[in-house]
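Geometric and topological summary
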Amino acid sequence: MEYQDVKSDLIASLRRYGFYIFSRDVQDHIREIMRVLGDLRPLVKIRSLQQNPNYFLLEVDSSIYEAHCRDRCFRNGVQDPQCYNKCIVDSVRNAVERIVAVLSR
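Attention in this report is confined to the structure presented alongside it. (Residues numbered from 1 in each chain as written. Predicted model: local features only at pLDDT ≥ 70, side-chain atom pairs only at ≥ 80, totals over all residues. Heavy atoms only, no water.)

1. Overview of the pairing of strand β2 (residues 44-48)
Bridge count for β2 against strand β3 (residues 55-60) is 5 bridges, and the pairing is antiparallel. Residue pairing for β3: S48 is matched across the bridge by F56. In textbook terms, the turn of a hairpin is the stretch between consecutive antiparallel strands, and for β2 and β3 this stretch comprises 6 residues. (Pairing = 2+ DSSP bridges. Helix = DSSP H or I, 4+ residues; strand = E, 2+ residues; numbered from the N terminus.)

2. Section: helix α4 (residues 81-103)
With 23 residues, α4 should cover 33 Å at 1.5 Å per step; its first-to-last C-alpha distance of 33 Å lies within 8% of that length. For α4, the complete set of buried residues consists of C83, C87, I88, S91, V92, A95, V96, I99, V100, V102 and L103. Those residues of α4 that are buried lie in contact with α1 (3-17), α2 (27-37), β2, β3, α3 (66-72) and β4 (74-75). Between a side-chain oxygen at the N-terminus of α4 and the backbone nitrogen of Q82 the separation is 3.1 Å; the capping residue is D80. (Expected span 1.5 Å × (residues − 1). Buried < 20%, exposed > 50% of the residue type's maximum accessible area, 1.4 Å probe, protein only. Contact = heavy atoms within 4.5 Å. Polar contact = N/O pair within 3.5 Å; in protein donor to acceptor, adjacent residues only side chain to side chain.)

3. So, the nonpolar core
Among soluble globular proteins, nonpolar side chains are generally buried collectively. Judged by nonpolar contacts, the single largest core of 31 residues is most densely connected at I30, I33, L37, L58, Y65 and I99. Per element, the largest residue contribution to this core is 10 residues, and it comes from α4. Excluding anything up to four places from it in sequence, Y65 contacts L43, V60, I88, S91, V92 and A95. (Core = buried A, V, L, I, M, F, W, Y, C linked by side-chain atoms within 4.5 Å.)

4. A short note on the sheet that holds β3
Ordered in space as β1-β3-β2, the 3 strands form an open sheet in which the pairing is antiparallel. In this open sheet, the two edge strands, each paired with only one partner strand, are β1 (19-23) and β2. Strand-to-strand, the axes of this sheet are offset by a mean angle of 20°, without reference to chain direction. Alignment of β1 against β3, held across 5 bridges, turns out to be antiparallel. (Axes fitted to C-alpha atoms, helices over the stretch in contact; angles between N-to-C directions.)

5. Here's the deal with the state of the cysteines
For the structure shown, the criterion picks out 2 disulfides. The disulfide partner of C69 is C87, and the gap between their sulfur atoms is 2.1 Å. Its torsion about the S-S bond being -75°, the disulfide of C69 and C87 is classed as left-handed. Residue C69 is found in helix α3, and its partner C87 is found in helix α4; the two are separated by 18 residues along the sequence. According to the relative accessible area criterion, C87 is buried, its value standing at 2%. (Disulfide = S-S within 2.5 Å.)

Honestly, that's just the spatial picture; any functional story needs more than this.
Here it is, written out as structure tokens:
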């Protein structure tokens, strides 16, 4: 699979599902894509799949938004779970849009 094919598949998968699963065969292309992301690289995490270590999952690291969303959704000493979940989902979606915009150039 060529670099442009991997990049196109990654963009399509991020837009549709919010993550991308890839095999060890395209790791070099993924490394290049990570380099292209530049300052957005910390927004992404890659981990191997437990079921098959030859496959990897690339996704937005939602943990970087937890503290912000926790603070934002803490009212009168109580955490609003609906607000927190919406904040996390919106933050991850925003990150996906930023990543896709960089990769689409």
